[in-house]
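# Summary of structural features
As a plain string of letters, each chain reads:
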Amino acid sequence: MAKYKSGDILNFVLAGHGTVGKTMLAEAMLFNGGEINRLGSIDGGTTVSDYHEDEIERQISINSAILHTTWQDKKLNIIDTPGYADFHGEVQSAMRVADFALVTINTNAGIEVGTEQAWKAATDYGLPCMLAFNMLDKENTEFDSLLAAARKRFGSKVFPMGLPVNTGPNFTRIADILRKELHTYQSDGSGTFTVDKLPADLVDQVYRLHGELVELVAESDDHLLEKFFEQDQLTEDDLRGGMHGAIHNGSLIPVFPVSGEKNVGVRRMMDVISKYAPNAADFTEVRGTSLPDGGNEVPFQAAANGPAAAFIFKTVSEAHLGELSFFRVYSGTVKMGADLHNSNQGSRERLGAIYTMNGKKRAELGELVPGDIAAVVKLKHTHTGDTLCSADRKIVLPGINLPEHKVRAALIPQAKGDEEKISTGLSTLHQEDPTFVFEFDPELRQTIISGQGELHLEILTKRLKYRFHVDVDLIEPKVAYRETITGRGESKYRHKKQSGGAGQFAEVWMYIEPLPPGTGLQFESELKGMSIDRVFIPSIEKGVNAAVQEGVLAGYRCVDVKAVVYDGKQHPVDSKDIAFQMAGREAFKEAFLQAKPHLLEPIYELDILVPEDHMGDVMGDISARRGKVLGMDSEGQLQKVKAQVPLGSLGNYATALRSMTGGRGLHSQRFHSYERMPREDEQRVIKESKAPVEE
Ligand SMILES: Nc1nc2c(ncn2[C@@H]2O[C@H](COP(=O)(O)OP(=O)(O)OP(=O)(O)O)[C@@H](O)[C@H]2O)c(=O)[nH]1
Ligand SMILES: [Mg+2]
């Protein structure tokens, strides 16, 4: 029998901007719950969460860590996510399986771009949120102004569950709004607190806030609201009874004043979470697409004794253990050895050993009820984002909201002959982490990998080295320019070869004209009379196609051109397919050069999120990159800039933006269109294309 019922399981994500103390807060929760007997530290590289080598070395979280502890007989499944923007995919996959988000904010820094990202990810999945105002043990923290800012940004439902009394290095005291009492925590990090009466100067404020909390909770539910109007208040029982629903439906967004590092306020936060936060039994209606009919998602009821459905939200490869697939059970009871169906791959999977994890520490688990999260080893065909289910009810659960790619690089093997190992490595890594993709671009003749940021790509190449034993370099990819024309061009090209062997003869008369953008190539014949045998038309077209692929000006594909053959000549013996191919190709090139040709460059559209005080730098940089700003909008306390920038001057924009804004800016980018290049840049590209190629 599973130890916990669905109603005893709470799944939540710790998310927020980078280095706001999420991992330390998780550490404090594990310590308070008795999972560890001392608090680790980031400096010492000893936290449960950040156990990977890269994380210890850089002192940031890179992977989300799946943790759990017990508090008041509830199982808290905590997913500690990285705040560094390159790893936002980890936040998305964690939110996908969580039931609520604990968005953590560094009280000194206020609402940051990572706070906004976390909030957006949570609301996109429809998750209720709570806020932890952290690091209150730092000098000069301003709890009140952050509270005001958060209410302005996230609404008046944002409500403090406590008021910090002595913020700063000696932070130990919090006035508790629900209980109307003063809690004084031990300063030794043990996390325990003593209870006292409120100090006289806080009584009024705390009682007033308690009253406001009652009103907020009453407003969350019609039945409670009626009672509230009748009695002009709620009983303490009604208040507590209503808290759960109010948090669940977003009518109350509790704020917890804490210091994770000093373990102050954390126990009380855990109390409130385990008593009132949404639990797995609140989500018995699960949506999925049934197979084989497909179509719209349909709701079905989760039941511990019903058919199984589980979602794989993360895959990691651990030394000595192999692939670990993290999953959440949505329906049915899942056991080791179970035969399940992978709906995404259409294959069968037998579950290996199931573990409940705390960072790298694992314990074997017999079975899992709906709502619980665990890891299973050595699945054969299952990847991140897949659904495993009973063969009697085949469904696909909704996938992960993957972030757009933000950086691209060309991957160059250091040694010849590694191509196959690299491609196996890349596909395995992509199956584990779908926020990066790779493809061989036949036009550029480069393997292009796209991901979330430079660090993301760097980590991937490190994984290629350690797991697949290949060394690669990342360089800036070539740019796929295009060639087109703005005028009409004509050519009468004669191809003639008589020296040695069989002769070749063909003459093609051709004109070309511009077509609207996005049309590509159109080839037509307006041949009249019998000057050229019709069997040669496909030969001419083949030649034109070859010229279009090879490019004329600088070796890039020609687009938006109509090529028309209207006359020509042939020879009774020497005219043949190859001769007309050659003539078609050269005629096109000649006509192209006369038709006012020019280069087009790919333009990318960017959405940039930055704090107001960095707007000047960001806008200046956009124009230095030959970009144009299309518009601005405020998004909470940040500015959102929409811009278009030529890919050729986009460089590593993610990194540039990070250094321009001290890590407070974010962007997303996508291809927008091809546009004409300025003359000067065009000449440079043409010149570079003529330069001898280094081998
Ligand atoms: N003073 C103080 N420092 C803290 C607190 N919590 C964390 N820190 C420090 O802040 C730094 C970042 O802490 P982490 O817990 O790694 O922050 P994080 O949000 O998990 O960071 P990422 O996962 O990399 O986004 C470390 O140096 C911690 O020691 C706190 O409550 N008070
Ligand atoms: Mg962390």
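Fair warning: this is a prediction, and the values are worked out from it, not measured in the lab.

## Notes on the overall build of the protein
On a plain count of helices and strands, the protein comes out with 16 helices and 37 strands. Overall, the C-alpha framework of the protein stretches about 110 × 60 × 55 Å when taken along its three principal axes. Out of the 695 residues belonging to the protein, those deemed buried represent 47%. Within the protein, contacts between residues separated by at least 24 positions form 73% of all contacts whose residues are at least 6 apart in sequence.

## Observations regarding the sheet that holds strand E27 (residues 446–451)
Read from one edge to the other, the open sheet built from four strands follows the order E26-E27-E25-E28, with strand pairing classed as antiparallel. With partners counted over all chains shown, the strands left at the sheet margins are strand E26 (437–441) and strand E28 (472–475), one partner each. Each adjacent strand pair in this sheet contributes to an overall mean axis angle of 35 degrees, direction not counted. As paired elements, strand E25 (residues 407–413) and E27 share five bridges and run antiparallel to each other. Within E27, the residue paired with Leu411 across the bridge is Thr447. Against the sheet, helix H10 (residues 419–432) engages E25, E26 and E28, with an angle of about 145 degrees to E26.

## With respect to the site of ligand 1
Of all residues adjacent to ligand 1, which total 20 residues, the nearest are Gly21, Thr23, Ile60, Ser61 and Gly83. Tallying contributions element by element places helix H1 (residues 22–32) first for the shell around ligand 1, with three residues. Residue composition of the shell around ligand 1, grouped by class: seven nonpolar, nine polar and four charged.

## Section: the sheet that holds strand E31 (residues 504–514)
Pairing within the open sheet is mixed, and its four strands lie in the order E30-E31-E33-E32. Looking at the sheet topology across the chains shown, the edges are occupied by strand E30 (489–497) and strand E32 (521–525). Across the sheet, the mean angle from the axis of one strand to that of its neighbour is 25 degrees, orientation sign disregarded. Sheet analysis places E31 next to strand E33 (residues 561–569), joined by eight bridges and oriented antiparallel. Paired with Tyr511 across the bridge in E33 is Val564. Each of E31, E32 and E33 is contacted by helix H12 (residues 537–550), which is oriented at about 155 degrees to E32, the strand it contacts most.

## Section: the packing of H10 against helix H11 (residues 454–468)
At a minimum axis separation of 10 Å, H10 and H11 run at an interaxial angle of 120 degrees. Pair H10 / H11 crosses with right-handed handedness. Here H10 contributes Lys421, Ile422, Thr424, Gly425 and Leu429 to the contact with H11, which in turn contributes Leu460, Arg463, Leu464, Arg467 and Phe468. Looking at the contact of H10 with H11, its residues break down into five nonpolar, two polar and three charged.

## As for helix H13 (residues 577–594)
The α-helix winds at 3.6 residues per turn, so residues separated by three or four positions along the chain end up facing the same way. Look at H13: 26 Å from first C-alpha to last across 18 residues, which is about the 26 Å you get at 1.5 Å a residue. Remark: Lys596 follows H13 within two positions and exhibits a positive phi of approximately 50 degrees.

## A look at helix H15 (residues 653–661)
For H15, the complete set of buried residues consists of Tyr653, Ala654, Leu657, Arg658 and Thr661. The arc that holds every buried residue of H15, seen down its axis, measures 135 degrees, which confines them to one face. Residues of H15 that are buried sit in contact with E25, H11, strand E34 (597–611) and strand E37 (666–676).

## Describing the domain arrangement of the protein
Annotation of the protein at the domain level lists domain 1 (6–198 + 252–282), domain 2 (285–396), domain 3 (407–475), domain 4 (482–595) and domain 5 (601–689). For domain 2 versus domain 4, the distance between C-alpha centres works out to 58 Å.

## A closer look at the environment of Val470
Turning to its location among the elements, Val470 is positioned in the loop between H11 and E28. What makes Val470 buried here is the crowd of 21 C-beta atoms within 10 Å. Residues Val470 and Glu419, spaced 51 residues apart in sequence, show a C-alpha to C-alpha distance of 9.2 Å. Those residues in contact with Val470, other than ones at most four positions away along the chain, are Pro413, Asp418, Lys421, Ile422, Gly425, Leu464 and Lys465.

Criteria and thresholds
- Residues numbered from 1 in each chain as written.
- Chains lettered and ligands numbered in written order.
- Predicted model: local features only at pLDDT ≥ 70, side-chain atom pairs only at ≥ 80, totals over all residues.
- Helix = DSSP H or I, 4+ residues; strand = E, 2+ residues; numbered from the N terminus.
- Buried ≥ 20, exposed ≤ 12 C-beta atoms within 10 Å, placed from the backbone.
- Contact = placed C-beta atoms within 7 Å.
- Pairing = 2+ DSSP bridges.
- Axes fitted to C-alpha atoms, helices over the stretch in contact; angles between N-to-C directions.
- Near = placed C-beta within 6 Å.
- Nonpolar A, V, L, I, M, F, W, Y, C, P; charged D, E, K, R; others polar.
- Left-handed = near helix turned anticlockwise from the far one by under 90°.
- Expected span 1.5 Å × (residues − 1).
- Arc of directions from axis to C-beta.
- Domains from an automatic or database assignment.

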